[in-house]
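Examination of the molecular architecture
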Amino acid sequence: MPRAKKGGHRGGGSVIAFIDSGADGRRLAIDQVEGVWSDDPDDDPLVDQVGHGSMTALIAASRADVNGFDGIAPDAKVYILKPKRDERGVLSTAGLMRATDHIAQHAFKTGKRVIVNNSWGLWGCKPRYMACAMIMTRFYVRADRRGLLQAVWAAGNNHLHDCPQPTSNW
């Protein structure tokens, strides 16, 4: 049985997936990585040029023996998914959907429920991207009901860019 934090659980037996900019593999314990995925063969998921994916992964699952501090669930396994980016460095909608499909298949094949951290923003204005947000939300609700995925949405990374007025996609 994993050692519990005072008043809590350390995440043992859990898998947390991060659909983001990758994660710095030097900041993760080797036995902690459940898997990695990218739809760009030249873009290693364990390299994070932006730092955002590393930040979210370390908040959730940092281990004191690697980084000097424990995250919320340091005994959890992590799965790093790095969708392809467009010419502006923004995650593509198609890549996001492929990453989600990949982690859903992993959950289905292994029988392990996966907590999926979605910490990506959409680029563009509401008419085009609101449909993507609605489709993804509906998918995650159904996957949750089937015990495959539990989605976590990062607050604060939800404003659409390049719009004539501020708007939120959620």
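Provided above is the structure to which this section pertains.
All residue numbers refer to positions counted from 1 along the written sequence of the respective chain. Owing to the predicted nature of the model, reporting of local features is limited to residues with pLDDT of at least 70; listing and counting of side-chain atom pairs is limited to 80 or more, with chain, interface and lining totals taken over all residues. Side-chain calculation: all heavy atoms of the structure are included, whereas hydrogens and water are not.

**Some details on the overall build of the protein**
Comment: elements are numbered from the N terminus, with helices defined as DSSP H or I runs of at least four residues and strands as E runs of at least two. Check the secondary structure of the protein and you find 4 helices and 5 strands. For the protein, the sequential pattern of α-helices and β-strands runs β-β-α-α-β-α-β-α-β. For the protein, the residues scored as buried account for 42% of the 170 residues in total. Relative to all contacts within the protein whose residues are 6 or more apart in sequence, the contacts with residues 24 or more apart total 74%. Residue-level accessible areas treat just the shown protein chains as cover; the underlying method is Shrake-Rupley with a 1.4 Å probe. Carbon and sulfur atoms provide 55% of the accessible area of the protein, an area that totals close to 9,300 Å². Note on exposure labels: buried denotes an accessible area under 20% of the residue type's maximum, exposed denotes more than 50%, and partly exposed covers the range between, all computed with a 1.4 Å probe on protein chains only. Residue contacts follow a heavy-atom distance rule, with two residues in contact if any of their heavy atoms lie within 4.5 Å.

**Observations regarding the pattern of salt bridges**
Salt bridge, as used here, is a side-chain nitrogen of Lys or Arg placed within 4 Å of a carboxyl oxygen of Asp or Glu. Under the defined criterion, the tally for this structure stands at 8 salt bridges. Here Asp75 makes a salt bridge to Arg10, at a shortest N to O gap of 3.0 Å. Taken together, the residues span a long stretch of sequence, with Asp75 in the loop between helix H2 (64-67) and strand S3 (77-82) and Arg10 in the segment before strand S1 (15-19) at a distance of 65 residues. For Arg10, a relative accessible area of 7% translates into the label buried. Between Arg63 and Asp31 there is a salt bridge; the shortest N-O distance is 2.8 Å.

**Thoughts on helix H3 (residues 93-110)**
For H3, built from 18 residues, the straight-helix expectation of 26 Å at 1.5 Å per residue is met to within 8% by its first-to-last C-alpha distance of 26 Å. Of the positions making up H3, those classed as buried are Gly95, Leu96, Ala99, Thr100, Ile103, Ala104, His106 and Ala107. Between the first and last residue of a helix there are one fewer steps than residues, each counted as 1.5 Å, and that sum is the expected span.

**Considerations on the nonpolar core**
Buried Ala, Val, Leu, Ile, Met, Phe, Trp, Tyr and Cys residues that are joined via side-chain atoms within 4.5 Å together make up what is termed a nonpolar core. Leu81, Ile103, Val114, Val116 and Leu149 are the most contacted members of the largest nonpolar core, which totals 19 residues. Of all the elements in the fold, those that place two or more residues in this core are S1, S3, H3, strand S4 (114-118) and helix H4 (126-145). Counting residues per element, this core draws most heavily on H3, at 5 residues. Those residues in contact with Leu149, other than ones at most four positions away along the chain, are Ile103, Ala104, Ala107, Arg113, Val114, Val116, Phe139, Tyr140, Ala143 and Asp144. Within the second largest apolar cluster, 11 residues are counted, among which are Ile16, Leu28, Ala61 and Ala73.

**Digging into the pairing of S4**
Regular strands place their side chains on alternate faces of the sheet. Counting buried positions along S4 yields 4 of 5 residues, so the element is predominantly enclosed. Pairing of S1 with S4 involves 5 bridges; the strand directions are parallel. Bridging from a neighbouring strand, Ile16 pairs with Ile115 of S4. A strand pair is defined by DSSP finding two or more bridges across the two strands.

**Structural notes on the sheet that holds S4**
Strand pairing in a sheet relies on backbone hydrogen bonds, with the paired strands running either antiparallel or parallel. Spatially, 5 strands are ordered S2-S3-S1-S4-S5 in an open sheet, and the strand pairing comes out parallel. The open sheet is flanked by strand S2 (33-38) and strand S5 (149-153), the only strands paired with a single partner. Averaged over neighbouring strand pairs, the angle between their axes works out to 20° when direction is ignored. In this sheet, S3 lies alongside S2 in parallel orientation, the contact comprising 5 bridges. In this analysis, axes come from line fits to C-alpha atoms, helices being fitted only over the stretch in contact, and the angle between any two N-to-C directions falls in the range 0 to 180 degrees.

Read these as layout, nothing more, since geometry by itself doesn't imply function.
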